[in-house]
Amino acid sequence: MDSVGGFENRYVVSGKDHGRRLDVFLAEQNPGITRSQIKRAVAEGMVSINTGAAKAGTVLRTGDAIVFRREPPRPLEVEPENIPLSVLYEDADIIVIDKPPGIVVHPGAGNARGTLVNALLFHCRDLSGVGGFLRPGIVHRLDKNTSGAMVVAKNDAAHQALARQFKERLVVKRYTAVVAGSMPGGEGVIDAPIGRHRGDRKKMSTGGSRGRYALTRWNVLKDFGGAASLLNVRIETGRTHQIRVHLHAVGHPVLGDREYGGRAVCRNGSLHAVLNILDRQALHASTLGLYHPTGKQFMEFTAPLPGDMTMLLERLDMLTVDRR
């Protein structure tokens, strides 16, 4: 790849990328840019192959010359809002926050205000613009009702460096989850591709034919008498809803999860008592480890377990004692 004028990238397709789609290739080469942004750039004539017009689904051949012209980041159009942030770490390049449950990461349909991005723009006046005018500085996401550690880039160089770490799976992501039932064996690996659900496009599934590779490792921290289990979960990949989908697929949904069976399972038996405690999935991003984009040293950040999950564990302890 050669960079020309700051916003033009050139690529020559190698043998290993022969037969790949253009949009998939460019998304992998530009980890700070979403695939939808790349498709839009192609549609607007910002991408050419062998000096000719290109389509997002163009199949590449060895030796193809690609030019990807990128416009400078658009001015931010999201309003800063004075929303409190729990900051775990901050310097000139990154900010690591403990995201509370119930807050959406970036604006979208039905969520123009009150998002994490609105809060970050108030707190940090110099966020990276690489993510686009609705997602400044955002290199990864947590679901609305998942809490815990998140890193955000404060400048474009940090954004690119962090995005590449996520792409190359160098970032350590550990979660704490409470799931239904006893997990057999005490530890295990769930290796199942994840793709869009065939019947509900808002959900993900392991049952589709076009799923992407996804790997989840888990180990049991505590078993609550067969009713539920406290897990430490590490994901090697970062697919949408990955932990929730994988645990549902093996018959142990995350408690409180409305989309993937974790709410329904609480309506039966002794777990019914936890419904009034938990109004979301019992999933928390407890630890995030990464290499600092400037200093290069490995850093690890820990977000304490939030109050609702602490109360849930206390109630499960009480249920276990009552059943003895």
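Residues numbered from 1 in each chain as written. Predicted model: local features only at pLDDT ≥ 70, side-chain atom pairs only at ≥ 80, totals over all residues. Heavy atoms only, no water.

**Student:** Break down the packing of aromatic side chains for me, citing the residues and quoting the values.
**Tutor:** The final tally for this structure, using the stated rule, is three aromatic pairs. Geometrically, the ring pair formed by Tyr-11 and Phe-25 is edge-to-face, given 5.7 Å between the ring centres and 85° between the ring planes. With Tyr-11 in strand β2 (residues 8–12) and Phe-25 in helix α1 (residues 22–29), this residue pair connects regions lying 14 residues apart in the sequence. Residue class for Tyr-11 comes out buried when judged on its relative accessible area of 5%. For the ring pair Tyr-89 and Phe-301, a centre distance of 5.4 Å and an interplane angle of 40° mean the geometry is tilted. In this pair, Tyr-89 is assigned in strand β6 (residues 87–90) and Phe-301 in strand β16 (residues 298–302), connecting sequence segments 212 residues apart. (Phe/Tyr/Trp six-rings, centres within 6.5 Å; stacked < 30°, edge-to-face > 60°. Helix = DSSP H or I, 4+ residues; strand = E, 2+ residues; numbered from the N terminus. Buried < 20%, exposed > 50% of the residue type's maximum accessible area, 1.4 Å probe, protein only.)

**Student:** Help me get a handle on the environment of Leu-275, residues and values and all.
**Tutor:** Mapped onto the secondary structure, Leu-275 falls in the loop between α5 (242–249) and β15 (283–291). In contact with Leu-275, not counting residues within four places along its chain, are Arg-263, Cys-266 and Arg-267. (Contact = heavy atoms within 4.5 Å.)

**Student:** Requested: an account of the nonpolar core, with residues and values cited.
**Tutor:** Core analysis: the largest hydrophobic core is formed by 48 residues, its most contacted members being Val-178, Leu-255 and Leu-316. Non-local contacts of Val-178, meaning those with residues more than four positions away in its chain, are made with Ala-228, Ser-229, Leu-230, Pro-253, Val-254, Leu-255, Ala-282, Met-309, Leu-312, Leu-313 and Leu-316. Core analysis: the next-biggest nonpolar cluster, separate from the first, contains 17 residues, Ala-27, Ala-41, Ile-66 and Phe-68 among them. (Core = buried A, V, L, I, M, F, W, Y, C linked by side-chain atoms within 4.5 Å.)

**Student:** I'd love a proper account of the pairing of β6, names of residues and values included.
**Tutor:** Pairing analysis gives three bridges linking β6 to strand β7 (residues 94–99), with the strands arranged antiparallel. Residue pairing across strands places Tyr-89 opposite Val-96, the latter belonging to β7. Between β6 and β7, which pair antiparallel and follow one another directly, the connecting turn spans three residues. (Pairing = 2+ DSSP bridges.)

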